[in-house]
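As a plain string of letters, each chain reads:
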Amino acid sequence: MAKKIHIYDITMSNGEQFKNVRIEGSISSKYTGIATDFIPVENEDGRTVELTKYQIVKAELVDIED
């Protein structure tokens, strides 16, 4: 079964904001295990960006796509 695409607006600790970030599955599922430091996400332009989970201040769920 394919995971749903979750779309977030993410605020980083340095104030940088990423709008409409697309992640396969929920962002909380990316936090399992201490070895997962970087979260690959797709930005509005369709490019993959690696976010470090320790710098994410807020991740607001905008939408969920099938």
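Being a predicted model, the structure only gives us computed values, none of them experimental.

### A short note on the overall build of the protein
What the protein contains, in helices and strands, is 0 helices and 5 strands. Moving toward the C terminus, one meets the helices and strands of the protein in the order β-β-β-β-β. Here the protein holds 66 residues, and the buried ones make up 30% of them. Looking at the protein alone, contacts between residues at least 24 apart form 39% of all its contacts between residues at least 6 apart.

### Some remarks on the side chain of Thr11
Tracing the backbone shows Thr11 in strand 1 (residues 5-12). Setting aside residues up to four positions removed in sequence, Thr11 forms contacts with Glu16, Gln17, Gln55, Ile56, Val57 and Lys58.

### Quick notes on the pairing of strand 3 (residues 38-42)
Residues Ile39 and Val41 point to one face of strand 3 and are all buried, whereas Phe38, Pro40 and Glu42, pointing to the other face, are not buried. Pairing of strand 3 with strand 4 (residues 48-52) involves 5 bridges; the strand directions are antiparallel. Following the sheet pairing, Glu42 is matched in strand 4 by Thr48. Here strand 3 folds back onto strand 4 in antiparallel fashion, the turn holding 5 residues, of which Gly46 has a positive phi close to 85°.

### Thoughts on the nonpolar core
Tyr8, Ile10, Met12, Phe18, Val21, Ile23, Ile27, Ile39, Val41, Val49, Leu51 and Ile56 form the largest nonpolar core, which has 12 residues in total. Elements with a minimum of two residues in this core: strand 1, strand 2 (17-24), strand 3 and strand 4. Sequence-distant contacts of Val49, defined by excluding residues within four places in its chain, comprise Phe18, Ile39, Pro40, Val41 and Asn43.

### Looking at the pattern of salt bridges
Overall, the coordinates contain 4 salt bridges when judged by the stated rule. Look at the salt bridges and you will find they share partners, linking Arg22, Glu42 and Glu65 into a network.

### Remarks on unusual backbone geometry
A positive phi angle, close to 55°, is found at Asn20, a residue other than glycine. Here Asn20 is to be found in strand 2. For Asn20, a relative accessible area of 33% puts it in the partly exposed group.

Reading guide: rules and limits
- Each chain has its residues counted from 1, following the order in which its sequence is written.
- For a predicted model such as this one, the threshold for reporting local features is a pLDDT of at least 70, and the threshold for listing and counting side-chain atom pairs is 80 or more; totals across whole chains, interfaces and linings nevertheless cover every residue.
- Just so you know, side-chain values use all the structure's heavy atoms and leave hydrogens and water out.
- Secondary structure elements follow DSSP: runs of H or I of four or more residues count as helices, runs of E of two or more count as strands, with numbering from the N terminus.
- Three labels apply to residues, based on accessible area from a 1.4 Å probe with only protein chains included: buried if under 20% of the type maximum, exposed if over 50%, partly exposed otherwise in between.
- A contact between two residues is defined here by any heavy atoms of the two lying within 4.5 Å.
- Only when DSSP finds a minimum of two bridges between them are two strands counted as paired.
- Buried Ala, Val, Leu, Ile, Met, Phe, Trp, Tyr and Cys residues form a nonpolar core when they are joined through side-chain atoms within 4.5 Å.
- One side-chain nitrogen of Lys or Arg within 4 Å of one carboxyl oxygen of Asp or Glu is enough to make a salt bridge.

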